[in-house]
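# Structure at a glance
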Amino acid sequence: MSNDLTTGNIRNNLIKFALPYLLAAFLQTFYGMADLMIVGMYNTASTTTAVSIGSQVMHMLTVIILGFAMGTTVHVGQCIGAKDREGAGKIVANSVCFFAVFAVVVTIALLVATGNIVKVMSTPIEAVTETEQYLYICFAGLPFIVAYNVISSVYRGAGDSKSPLYFVAIACTVNIILDFWFIGYCGMGAKGAALGTVIGQAVSVVISLVKSKKADLGFSFSMKGYKPDKEAITKVLSVGTPIAVQDGFIQIGFIVITIIANSRGLIDAAAVGIVEKIICFMFLVPSAFLSAISVVTAQNIGAGKKDRAKKSLYYGLLIAVSWGLFCAIYNQFLPHTLVARFTRETPVLIAGCEYLRSYSFDTVFAAVHFCFSGYFCGCEKSKISFIHNLMSVLLVRIPGTYMFSKMWPDTLYPMGWGAPLGSLLSAIICVGVFIYFEKKEKVIADNN
């Protein structure tokens, strides 16, 4: 049975939904972290760099897919809130067909473009071969990533964030076991890391499909007699496309930062790759509340309860920003306790700590715009998130990182400020837009 988020204590609903999502996101992020940690135990910096670059490309693709799938989550949530079971089933059926075609087309395109992608990443020559091997294997497994995220988006839209946690926990367990086997015992390096990830995802998808046949999400769903519905697909893409594009721009910003670091040599490339993984872990809390706020908002907007939607935003901000402050303060004093988990090489450790000290402030500012983005998406205003993220990447994140890299070529600390300053701009825009809409609504209410 679906979980109704339109009644009960809004704070408790938000936290209960966010916690399973947080754990699932942690385990999903732990894929790449586990690969890097295990690769670092048995291999040199060249293999570590190959896996960090390859996994960053895969993370970008996963985030974009998740952005598209958010359109399914939001509209299933609104249908659940409005008690429109037929509408929810129609959204799911059309999402399944669209993403099936999407997965096939994108997989073929990426396999053809693998060599060019490695070149665009300015991959150090020592790591080129293993980066290509890693990406070939992961690209071949892309349909499993698409399937997992679409299935999870349906569950979350229906208010169930626990089932996706179980699916990804299985994948993570299989992945870690196979990493030690392929990388440690078989000595397969980057290829072993990729195989472990793909096989883990495949097992997870199979199990999720089996469970989905027996699940009761509060609406009927069947592909029998399916007919494409242009309106349903348009609804999904109207929300999902701006999110996917904005997340794509953010990830491209990260890729550009990686390229800048790669041009500085193997040590800085490895250090930046490691810190990106650590930052991804720290971003899990605001990411969890972005998703939770979007679903709670969607269901309550569908039920005509906008005040409850706003309360979910306020609670999310309180928790996510508190977490961001903790991360930023911790990394000013103890960054080595995190970076040392991924490398045994002293130069990489020193460079990584410098970069993490400045970059960690991004956890504070990003927490603000992540929560607002969740709220805007739930209100079907995802274009706002697209605009502020685009401005952040093009006006601050990329040019700032490049400028700092050139001005201070001997340290990564100034370069790490590019991302936090970009997020600060996004946060300011989000707050300003929210206040504008609040004043506009108040004027309309007063006139009525």
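Heads up: these notes are all about the structure in this document. Keep in mind that what you see is a predicted model, and the values were worked out from it rather than measured.

### Thoughts on the overall build of the chain
Looking only at helices and strands, the chain features 16 helices and 0 strands. Its C-alpha radius of gyration of 21 Å places the chain within 12% of the 22 Å reference for a compact globule of 448 residues. Seen through its C-alpha atoms, the chain measures out along the principal axes to roughly 65 × 50 × 35 Å. Across the 448 residues in the chain, those meeting the buried criterion constitute 56%.

### With respect to helix α16 (residues 418-447)
The end-to-end C-alpha distance of α16 is 44 Å, a good match for the 44 Å that 30 residues give at a rise of 1.5 Å each. Buried within α16 are the following residues: G418, A419, P420, G422, S423, S426, A427, I429, C430 and F434. The inward-facing, buried residues of α16 abut α11 (306-333), α13 (346-359), α14 (362-378) and α15 (382-407).

### Overview of the nonpolar core
Judged by nonpolar contacts, the single largest core of 72 residues is most densely connected at M58 and Y134. No other element matches helix α2 (residues 45-81), which puts 12 residues into this core. Aside from chain neighbours lying at most four places away, what touches Y134 is D35, V51, G54, S55, M58, A190, A193 and A194. Judged by nonpolar contacts, the second largest core, of 25 residues, contains F17, F289, A320 and I384.

### Overview of the packing of aromatic side chains
One pass over the structure, following the stated rule, counts 17 aromatic pairs. Plain terms: the ring middles of W323 and F326 are 5.8 Å apart, the flat faces sit at 35° to each other, and that makes the pair tilted. Residue W323 and its partner F326 are both found in helix α11; the two are separated by 3 residues, about one turn of the helix. Ring pairing ties together the aromatic residues Y314, F372, Y375, F376 and F434, which thus form one cluster. The ring of F437 carries K381 above its face, with NZ or CZ at 3.9 Å from the centroid.

So, how was this worked out
- Residues numbered from 1 in each chain as written.
- Predicted model: local features only at pLDDT ≥ 70, side-chain atom pairs only at ≥ 80, totals over all residues.
- Heavy atoms only, no water.
- Helix = DSSP H or I, 4+ residues; strand = E, 2+ residues; numbered from the N terminus.
- Rg over C-alpha atoms; globule rule 2.2 N^0.38 Å.
- Buried < 20%, exposed > 50% of the residue type's maximum accessible area, 1.4 Å probe, protein only.
- Expected span 1.5 Å × (residues − 1).
- Contact = heavy atoms within 4.5 Å.
- Core = buried A, V, L, I, M, F, W, Y, C linked by side-chain atoms within 4.5 Å.
- Phe/Tyr/Trp six-rings, centres within 6.5 Å; stacked < 30°, edge-to-face > 60°.
- Lys NZ or Arg CZ within 6 Å of the ring centre and 35° of its normal.

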